[in-house]
Every structure is written in C-alpha cells, then in structure tokens.
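Architecture at a glance
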Amino acid sequence: MASLGSTVSRLAALRRGAEARPQAASARLTKLDGFGSNPGALGAYCYVPEDLPAGAPLVVVLHGCTQSAAGYDRGSGWSQIADRHGFALLFPEQERANNPNLCFNWFSPADARRGKGEALSIRQMVEAMQTKHGLDPARTFVTGLSAGGAMALVMLATYPDMFAGGAIIAGLPFATANSVPEALERMRGQGAPSKARAAALVANASAHRGPWPTLSVWHGTSDATVDPINADGIVDQWLALHGMAGEGEVTSVDGHRREAWRDASGREVIEKFEIRDMGHGTPLAPSGADACGVAGPYMLDANICSTQHIARYWGIARALPQHEERSEKLPAEGRKSSVKDAPAAAFARGNVGSVIEDALRAAGLMR
C-alpha cells in the first residue's frame with residue numbers, strides 16, 4: 001500500500017506545478033452566457049469555426065486542475081483541429097469559488113450525479129450550444145484531463161443518451177470516490193470496488209440501457225499523480241456495460257501501446273493508450289507531420305497527438321494526407337500499471353499537518 005507520505009509528496013508536486021503555471025489567454029474562445037439555471041455555478045466558453053454548417057458535431061472539453069478553458073485549448077490544439085475538420089467546441093470552466101484549485105468536483109455526489117450541480121450545468125451548456133448553432137445531437141462528444149477526465153466520465157455515465165463518445169485522459173472511474181479520503185485512495189490506485197460493482201455504478205446512474213458511448217482512455221505509464229491502474233478500472237467499468245470481457249487487440253501506435261475492444265458487430269467501442277514514460281498530463285506532438293498543441297505544465301510532448309487521434313476515433317476528423325499513424329501488432333500482454341512511490345520530501349520541510357492540508361487543497365480535495 002502506498003504511504004500517506006508518498007501521496008502527500010505527489011500532491012505537493014501538483015501544487016508546485018500549479019504555482020508555476022502561466023495563465024494562458026486565448027482570443028479564440030467566446031463566453032457562453034444564458035445557458036440555463038447553472039446550478040454548478042460554472043463558467044462556459046465556446047469556439048465555433050466560421051461558416052460552420054448546420055448539423056456539425058460538438059466536442060465538450062474539460063480542463064484539469066489549475067487550468068483554464070483558454071489555457072487548455074491553447075495547449076491541446078482543439079480549436080485549430082476544429083477549424084480544420086469543421087466542428088464546434090464547448091469549454092466548461094471551473095470557478096475558484098467552487099474549487100480553489102479550479103478542479104471540477106468529480107468526487108462530490110452533489111456535483112457528479114444526473115440532475116445535480118456541475119453535471120447539470122454542463123448538460124445545460126450542451127443543450128444551449130446545440131440549439132444556438134444547429135449542431136447534431138447524435139454527434140456530441142466529451143473529453144477531459146485529470147479532474148476534467150473524471151468529470152467527462154461523469155457526463156458519459158449520467159447522460160449517456162447525450163454523448164456518442166468520450167475520451168478520458170489521466171482520469172478516474174465513475175462514482176468510485178464520494179469523499180476526500182476515497183478520492184485520495186483512488187488517486188493512489190487503492191480501494192477500488194469490484195468490477196461488477198463499478199459497472200453497476202454506471203448502469204444505475206441513469207435509466208439508459210444502451211447503446212453506450214464509445215470510449216477512448218489515455219494514461220501515462222509514469223503518472224505519479226493519478227495511478228495508471230485507474231485506466232484499467234475505467235476500461236473494466238465500461239467493458240461490463242458492453243457485455244464484454246478479457247483482453248483486446250494490442251498494437252503499437254507511434255511507439256505507444258494501444259489495446260482495443262470490438263463489440264459483437266465488429267465495431268470498436270473501447271480503446272486504451274498507455275503512453276510510455278509519460279507523467280501526468282495530455283499527450284501532444286508539438287512538431288512533426290501530425291503536430292498539435294503547445295507543450296507546458298500537464299501538456300506533454302509524447303510524440304503522439306492525442307487530440308488528433310481522439311477526433312479521428314470519433315469519426316469527426318480525417319487523417320492528414322501526409323500522415324498515417326504507425327500501427328504495429330504486438331503480442332497480448334497482461335495489464336501492467338504501477339508507479340514508484342515519490343519520496344516523501346514534503347515532510348522534511350516543516351509542519352506535517354500544514355503540508356497535508358496544502359497538498360489536499362492543491363488536489364482540489366479541500367476547500
């Protein structure tokens with residue numbers, strides 16, 4: 001079992017990263033107002049390419065802790081890809097009054113259940129965007145990083161009828177943490193419910209009984225903030241919903257391990273990327289034939305553009321003429337995901353209680 005000291009060290013590192021993070025601005029996003037009662041008190045921004053035709057897709061993008069909507073767009077490159085392929089973007093934004101570290105409250109039942117708090121606010125934003133811009137309700141997707149990834153999974157679980165697909169980057173399974181202590185345990189990769197119980201949490205989150213959204217799961221193998229075993233937990237949670245089990249087809253894409261599962265009709269419904277040697281963040285390729293994004297804190301150069309790949313996986317982006325993702329079949333292997341404990345140096349810097357409190361705030365787990 002990972003020690004409390006190692007967890008505090010990881011969270012303290014997150015805080016240091018937050019303090020060093022530049023507040024990126026973007027003139028590309030427009031504020032979205034008047035979208036509903038907004039019970040979660042969230043902000044909202046959007047991006048709609050010029051001359052976007054009616055019936056275009058919509059992608060909902062949820063930033064991570066310490067980030068902003070504009071900063072995440074700049075780092076991930078979503079608005080440039082939207083220009084290229086013709087779809088609209090919605091960027092919900094956390095307010096500091098809700099969470100001092102700008103984390104979506106993925107672990108709070110008051111915000112992470114159908115018809116409540118932040119989840120309902122995001123639903124209202126989606127409906128407002130669809131109505132205002134004539135977007136296709138059957139081609140609405142959601143993605144996010146870290147706390148934003150966990151919140152994206154909240155949306156897929158609580159409103160599966162609204163989304164055709166989702167992509168979770170360094171996130172956590174739905175509803176397996178409902179308090180601060182449980183959230184800390186799950187971030188360390190501990191205390192998760194059984195596969196059957198985890199699947200039931202999604203099945204009981206709404207009256208929906210299928211078909212379920214497709215799912216793309218991404219995680220760095222060296223993530224010391226959210227243990228990579230959470231990616232397996234997400235996959236297991238959703239395999240059961242699709243009535244599937246076991247290992248998928250394993251390939252290597254741009255040097256990273258990809259595992260994919262197909263339903264009875266042969267359609268891919270779940271994929272999982274293990275980004276080799278990458279820490280906590282969104283995998284990008286800031287240069288090269290398939291370039292996207294700008295590297296920075298939690299926006300990591302991994303020689304693969306997750307933004308481009310996710311859009312292609314959903315069927316809303318075409319492959320660039322000069323680029324083909326290099327895919328090579330690999331022998332199936334058992335899942336492996338673990339990280340070494342970071343040194344508990346935080347305890348050496350002063351009062352233990354103060355360090356723990358600061359670290360919890362940095363992770364968005366204390367207000």
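Here is a short report on the structure shown in this document. (Residues numbered from 1 in each chain as written. Predicted model: local features only at pLDDT ≥ 70, side-chain atom pairs only at ≥ 80, totals over all residues. Heavy atoms only, no water.)

This next bit is on helix H2 (residues 69-76). In terms of residue burial, H2 counts as a mostly covered element, since 6 of its 8 residues are buried. For H2, every residue scored as buried is listed here: Ala-69, Ala-70, Tyr-72, Asp-73, Gly-75 and Ser-76. At the C-terminal side of H2, Gly-77 shows a positive phi close to 80°. (Buried < 20%, exposed > 50% of the residue type's maximum accessible area, 1.4 Å probe, protein only. Helix = DSSP H or I, 4+ residues; strand = E, 2+ residues; numbered from the N terminus.)

Following the sequence through the fold, Asn-101 ends up in the loop between strand S4 (88-93) and helix H4 (117-133). Since its relative accessible area comes to 15%, Asn-101 is described here as buried. Asn-101 sits 36 residues away from Cys-65 along the chain, and the two C-alpha atoms are 5.9 Å apart.

Let's shift gears to the nonpolar core. In terms of nonpolar packing, the biggest core is built from 63 residues, with Trp-106, Phe-163, Phe-174, Leu-215 and Trp-238 touching the most fellow members. Here this core takes 9 residues from helix H5 (residues 147-158), the largest share from any one element. Once residues within four sequence positions are removed from consideration, Trp-238 is found in contact with Leu-153, Leu-156, Ala-157, Val-202, Trp-212, Pro-213, Leu-215 and Ile-270. Judged by nonpolar contacts, the second largest core, of 37 residues, contains Ala-70, Ile-81, Leu-145 and Leu-284. (Core = buried A, V, L, I, M, F, W, Y, C linked by side-chain atoms within 4.5 Å. Contact = heavy atoms within 4.5 Å.)

Tracing the sequence through the fold places Asn-99 in the loop between S4 and H4. Taking C-alpha positions, Asn-99 is 9.8 Å from Thr-66, a pair spaced 33 residues apart along the chain. Only 3.3 Å separates the side chain of Asn-99 from the backbone nitrogen of Cys-103, close enough to count as a polar contact. A distance of 3.1 Å separates the side chain of Asn-99 from the side chain of Asn-105, its partner in a polar contact. (Polar contact = N/O pair within 3.5 Å; in protein donor to acceptor, adjacent residues only side chain to side chain.)

With their axes 13 Å apart at the nearest point, H5 and helix H8 (residues 229-241) run at an angle of 5° to one another. On the basis of the axis angle, H5 is roughly parallel to H8. Contacts between H5 and H8 involve Leu-153, Leu-156 and Ala-157 on the former and, on the latter, Ile-234, Gln-237 and Trp-238. A per-class count over the contact of H5 with H8 returns 5 nonpolar, 1 polar and no charged. (Axes fitted to C-alpha atoms, helices over the stretch in contact; angles between N-to-C directions. Parallel < 35°, antiparallel > 145°, perpendicular 65-115°, else oblique. Nonpolar A, V, L, I, M, F, W, Y, C, P; charged D, E, K, R; others polar.)

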